[in-house]
Amino acid sequence: MTDPTGADQRFLGTHRLHKTDEFSSVFAFRRALRGRFYMLHYRPNGLDTARLGVVVAKKLAKRANVRNLVKRIARETFRRQRISIPPCDLILRLHAPVAKATRAELNLDVQQLLSRLPRP
């Protein structure tokens, strides 16, 4: 899938964090930005693209369909903005209950966090 400018907007396996070690290294780097619902942990990765991992605790989103929605919104927003994000390993972690949140509020929170990432 490409946008009108010809940029690739697919969300491939190379754009994801898969292994426990990858997640641990981002958390160990101890850099994070806090939004209203999400917390964005980041670490420069030395690759040519950003990679994303999403963590949603059952404590904050009890129902599986809500957890899946929260993750889907995070991945979709990342997919659309990936080409403008600096090459970092990112973990979007839910840190506030989302029972009363709308999809638009969750979308906006992720967009604002990604725009606040430090640029090299």
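Refer to the structure above for everything that follows.
Just so it is clear, the structure is predicted and the values come from calculations on it, not from any experiment.

Engineer: Even after reading the chapter, I still don't get the pairing of strand β3 (residues 51-55), so can you show me in this structure?
Structural biologist: Remark: a regular strand shows side chains that alternate across the two faces of the sheet. Across the 5 residues of β3, 4 count as buried, placing the element largely inside the fold. Bridge count between β3 and strand β4 (residues 88-94): 5 bridges; the pairing is parallel. From the neighbouring strand, L52 faces β4, where its bridge partner is L90.

Engineer: I'm lost on the pairing of strand β2 (residues 38-44) in this one. Help?
Structural biologist: In terms of burial, β2 is largely enclosed, as 5 of its 7 residues are buried. What sits between the antiparallel neighbours strand β1 (residues 32-34) and β2 is a turn of 3 residues.

Engineer: Help me understand the sheet that holds β2 in this model?
Structural biologist: Within a sheet, neighbouring strands are paired by backbone hydrogen bonds and run either parallel or antiparallel to one another. Reading across the sheet, the 4 strands line up as β1-β2-β4-β3 and stay open at both edges, with mixed pairing between neighbours. The open sheet terminates on both sides in strands that have one partner only, identified here as β1 and β3. Averaged over all neighbouring strand pairs, the angle between strand axes comes to 20°, with direction disregarded. On the sheet, helix α1 (residues 20-29) packs against β2, β3 and β4 and is oriented at approximately 95° with respect to β2. Docked against the sheet, helix α2 (residues 64-81) engages β2, β3 and β4, running at close to 165° with respect to β3.

Engineer: Sorry, what's going on with helix α3 (residues 103-115) here?
Structural biologist: Counting along an α-helix, one turn takes 3.6 residues, and residues three or four places apart therefore face a common direction. With 13 residues, α3 ought to run about 18 Å at 1.5 Å a step, and its terminal C-alpha atoms sit 18 Å apart, in line with that. When we look at burial in α3, the residues that qualify are L106, D109, V110, L113 and L114. Angularly, the buried residues of α3 cover 125° about the axis, an arc narrow enough to put them on a single face. Lining the buried residues of α3 we find β1, β2, α2 and β4.

Engineer: Would you take a moment to explain the packing of α2 against α3 for this structure?
Structural biologist: Two quantities define a packed helix pair, namely the angle between the axes and the distance from one axis to the other. Direction vectors running N to C along α2 and α3 enclose 45°, while the axes themselves pass 10 Å from each other. On the basis of the axis angle, α2 is oblique to α3. Crossing of α2 against α3: the hand is right-handed. Contacts between α2 and α3 involve L69, V70, I73, A74, T77, F78 and Q81 from the former and R103, L106, N107, V110, Q111 and L114 from the latter. Considering only residue class, the contact of α2 with α3 consists of 8 nonpolar, 4 polar and 1 charged.

Thresholds, definitions, all that
- Residues numbered from 1 in each chain as written.
- Predicted model: local features only at pLDDT ≥ 70, side-chain atom pairs only at ≥ 80, totals over all residues.
- Heavy atoms only, no water.
- Buried < 20%, exposed > 50% of the residue type's maximum accessible area, 1.4 Å probe, protein only.
- Helix = DSSP H or I, 4+ residues; strand = E, 2+ residues; numbered from the N terminus.
- Pairing = 2+ DSSP bridges.
- Axes fitted to C-alpha atoms, helices over the stretch in contact; angles between N-to-C directions.
- Contact = heavy atoms within 4.5 Å.
- Expected span 1.5 Å × (residues − 1).
- Arc of directions from axis to C-beta.
- Parallel < 35°, antiparallel > 145°, perpendicular 65-115°, else oblique.
- Left-handed = near helix turned anticlockwise from the far one by under 90°.
- Nonpolar A, V, L, I, M, F, W, Y, C, P; charged D, E, K, R; others polar.

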